[in-house]
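Tertiary structure, described
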Amino acid sequence: MKWIVGLGNPGSQYEKTRHNIGFMALDELARRHNIEIKQSKCKALVGEGFLPGGKVALIKPMTYMNLSGEAVRAFMDYYKVALEDMIVVYDDLDTELGRNRLRYQGSAGGHNGIKSIIQHTGTQTFNRIRMGISRPEPGYAVVDYVLSKFAKKDQPLLQQSIDAACDALEYSMDHTFEQTMARFNP
């Protein structure tokens, strides 16, 4: 079974914010495949279903971003799933909006959700889709920026990014992550 972890913050006030682009991608993937992400377990909302290529669990940690690793660890321990079968989907300031970057290892790069996952898994080696949200204008605090909503003018690029992430996730179901990176990295 593949398991896909979308990062974000719980609560309606965070719903459409830049930091929640990982949740948005999971919601779209769930919509495409009629999977309901509503079962509360392992400090997360979980939806299980099938994509072409096999069984999948879609996981939205409910711990708030900075503690995302707690939900990942709880899911790993409870289901005895392999870290190699996980893909984390999250926002990336260093990638422009509308573009995604797939990687299988690396540092947290200042992202507290990834920092928490590294801390709770003990490794920097796991598959990830970094969804670009661009950097804020000079003088705009990063914390305020990531917790702000996307502008109306950004909606087409946001949708493009979400669609591309879902396409990559679907492709990864029956291809290696290396093959997925080769196909979906710019």
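I will try to describe carefully the structure that is included in this document.

Rules of the game
Residues numbered from 1 in each chain as written. Predicted model: local features only at pLDDT ≥ 70, side-chain atom pairs only at ≥ 80, totals over all residues. Heavy atoms only, no water. Helix = DSSP H or I, 4+ residues; strand = E, 2+ residues; numbered from the N terminus. Rg over C-alpha atoms; globule rule 2.2 N^0.38 Å. Buried < 20%, exposed > 50% of the residue type's maximum accessible area, 1.4 Å probe, protein only. Contact = heavy atoms within 4.5 Å. Lys, Arg positive; Asp, Glu negative; His and termini not counted. Charge placed at Lys NZ, Arg CZ, Asp CG, Glu CD. Polar contact = N/O pair within 3.5 Å; in protein donor to acceptor, adjacent residues only side chain to side chain.

Glancing now at the overall build of the protein. Along the protein, the regular secondary structure elements total six helices and seven strands. Element order for the protein, N to C, with α for helix and β for strand: β-α-β-β-β-α-β-β-α-β-α-α-α. Scaling as 2.2 N^0.38, a compact globule of 186 residues should have a C-alpha radius of gyration of about 16 Å, and the protein matches this with 15 Å. In terms of principal-axis extent, the alpha carbons of the protein reach across some 45 × 30 × 30 Å. The buried share of the protein, reckoned over its 186 residues, is 52%. In the protein, of all internal contacts separated by at least 6 residues, the share reaching a separation of at least 24 is 68%. Computed over 23 positive and 21 negative side-chain charges, the inter-centroid distance for the protein is 2 Å.

Time to look at unusual backbone geometry. Even without being glycine, Tyr 64 reaches a positive phi, approximately 75°. With respect to the secondary-structure elements, Tyr 64 resides in the loop between strand E4 (54-61) and helix H2 (68-79). Here Lys 80, not a glycine, exhibits a phi torsion of approximately 55°, which is positive.

The subject of this paragraph is the side chain of Asn 9. In this structure, Asn 9 sits in the loop between strand E1 (2-6) and helix H1 (21-32). Among the polar contacts listed, one links the side chain of Asn 9 to the backbone nitrogen of Met 65, at a separation of 2.8 Å. Setting aside anything within four residues of it in sequence, one finds Asn 9 in contact with Tyr 14, His 19, Asn 20, Phe 23, Tyr 64, Met 65 and Leu 147.

Moving on to the side chain of His 19. Here His 19 lies in the loop between E1 and H1. His 19 gets classed as buried once you look at its relative accessible area, which sits at 13%. Within polar-contact distance, the side chain of His 19 engages the side chain of Asp 91 at 2.9 Å. Dropping the residues within four chain positions of it, His 19 is found in contact with Leu 7, Gly 8, Asn 9, Met 65, Asp 91, His 111, Val 146 and Leu 147.

Buried within helix H3 (residues 112-121) are the following residues: Gly 113, Ile 114, Ser 116, Ile 117, Ile 118 and Thr 121. On its buried side, H3 packs onto H2, strand E5 (86-92) and strand E7 (125-132).

Remember that the coordinates give geometry; whether it matters functionally is a separate question.
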